[in-house]
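Read off the chains here:
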Amino acid sequence: MQYEITLPTDYDMGIIRRRVEATGHRLDDFDGLGVKAYLIQDRANGAMVNQYAPFYLWNDPAGMGRFLWGGGFFTAICTSFGRPPVRHWTGVEALAGPDVDQPALSATKHTWQLSSDVDPADPVAEALETVRKTAAGADVHSSAIAVDPTRWEVVHFTLWSSPEPGAAPGTRYQVLHLSTPGTKDLLGH
């Protein structure tokens, strides 16, 4: 799941950085969570927008529910920024990369729509092959593929141990913190 909060051009992204530094650890042992990447884009660092866009990979949908409407966690986001729309996809595959034991410094998220006139089996199989190749690559912490069957949209999300993720397609983010309470279950690592 992911929500994106685009902030005003003149927004002090230091506020988000300090907030994550102070509270990011709260999900380091959250039951049902595989991985949460605290992601930002910062105009001061060359991004097109100021954005806070955390990305979650859940091991258990009940954990996602506790986070969203169990009080305390998503409530803090709603209180500070209003309630953002939350996108969620059905997980297909999540794999550890060679740098899974290294800190994740950057991330890429690439999404694309499946053509309305094709059976999803072949494009999803192709996406699985892509995630397997990506996960085996240099500087990869982990990589995942998921599908939104309402919109027939595929998302390929990759965490990188390098601050700049090479030629990977998609939106690029800086990782401020990575909570990994269920990494072993999620990635088999």
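Look a little higher up for the structure.
Summarised in this report is the structure supplied together with it. (Residues numbered from 1 in each chain as written. Predicted model: local features only at pLDDT ≥ 70, side-chain atom pairs only at ≥ 80, totals over all residues. Heavy atoms only, no water.)

### Some words on the environment of T180
In this structure, T180 sits in the loop between strand 9 (171-179) and helix 5 (183-187). Each C-alpha atom, one on T180 and one on D42, is 24 Å from the other, the two residues being 138 residues apart in sequence. Excluding its chain neighbours within four sequence positions, the residues that come into contact with T180 are G34 and V35. (Helix = DSSP H or I, 4+ residues; strand = E, 2+ residues; numbered from the N terminus. Contact = heavy atoms within 4.5 Å.)

### With respect to the packing of aromatic side chains
Using the criterion set out here, one finds 13 aromatic pairs in the structure. Residues Y3 and Y52 carry aromatic rings whose centres are separated by 6.4 Å and whose planes lie at 70° to one another, so their mutual orientation is edge-to-face. Within this pair, whereas Y3 is found in the segment before strand 1 (5-7), its partner Y52 is found in strand 3 (residues 50-52), the two being separated by 49 residues in sequence. With respect to burial, Y3 and Y52 carry one shared label: buried. By the ring-pair criterion, three or more aromatic residues cluster together here, those being Y3, F30, Y52, Y56, W58, F67, F73 and F74. (Phe/Tyr/Trp six-rings, centres within 6.5 Å; stacked < 30°, edge-to-face > 60°. Buried < 20%, exposed > 50% of the residue type's maximum accessible area, 1.4 Å probe, protein only.)

### Looking at the pattern of salt bridges
Enumeration over the complete set of coordinates arrives at 9 salt bridges. One salt bridge in this structure joins R87 and D148, with 3.2 Å as the shortest N-O distance. Note that R87 is positioned in the loop between helix 3 (74-81) and strand 5 (90-96) and D148 in strand 7 (residues 140-148), a separation of 61 residues in sequence. Given a relative accessible area of 26%, R87 falls into the partly exposed group. A salt bridge links E93 to R132; the shortest N-O distance between them is 3.5 Å. (Salt bridge = Lys/Arg side-chain N within 4 Å of Asp/Glu carboxyl O.)

### Details of the layout of surface pockets
The method is simple in principle: a probe with the dimensions of a water molecule rolls over the atoms, and the space it marks as empty is what remains. In this structure, the largest pocket spans a volume of roughly 380 Å³. Considering the residues around the largest pocket, the lining is formed by 22 residues, among which L57, W58, W89, T90 and G91 are closest to the centre. When residues in the lining of the largest pocket are grouped by element, the largest group, 5 residues, is from strand 5. For the lining of the largest pocket, a count of residues per class yields 16 nonpolar, 4 polar and 2 charged. What the second largest pocket holds in volume is close to 320 Å³. Every residue lining the second largest pocket is counted, 14 residues in all, and those nearest its centre are N45, E164, R172, Y173 and Q174. Sorting the residues of the lining of the second largest pocket by element identifies strand 2 (33-41) and strand 9 as the ones contributing at least two each. The dominant element in the lining of the second largest pocket, judged by the number of residues it contributes, is strand 9, at 3 residues. Split into classes, the residues belonging to the lining of the second largest pocket amount to 6 nonpolar, 5 polar and 3 charged. (1 Å grid on protein atoms, 1.4 Å probe; cavity = no way out; pocket = protein on both sides within 12 Å on 5 of 7 lines; lining within 4 Å. Points joined across faces, edges and corners; volume = space filled by probe spheres on them. Nonpolar A, V, L, I, M, F, W, Y, C, P; charged D, E, K, R; others polar.)

### Considerations on the pairing of strand 6 (residues 106-113)
In this sheet, strand 8 (residues 153-160) lies alongside strand 6 in antiparallel orientation, the contact comprising 8 bridges. Bridge assignment links A107 to a residue of strand 8, and that residue is L159. Pairing of strand 6 with strand 9, which is carried by 4 bridges, proceeds in the antiparallel orientation. Paired with K109 across the two strands is T171, which belongs to strand 9. (Pairing = 2+ DSSP bridges.)

### Quick word on helix 2 (residues 61-69)
For helix 2, the full list of buried residues reads G63, M64, G65, F67 and L68. Close packing links the buried residues of helix 2 with strand 4 (55-58) and helix 3. In this structure D60 caps helix 2, since a side-chain oxygen of it lies 2.9 Å from the backbone nitrogen of A62. At the C-terminal side of helix 2, G71 shows a positive phi close to 90°. (Polar contact = N/O pair within 3.5 Å; in protein donor to acceptor, adjacent residues only side chain to side chain.)

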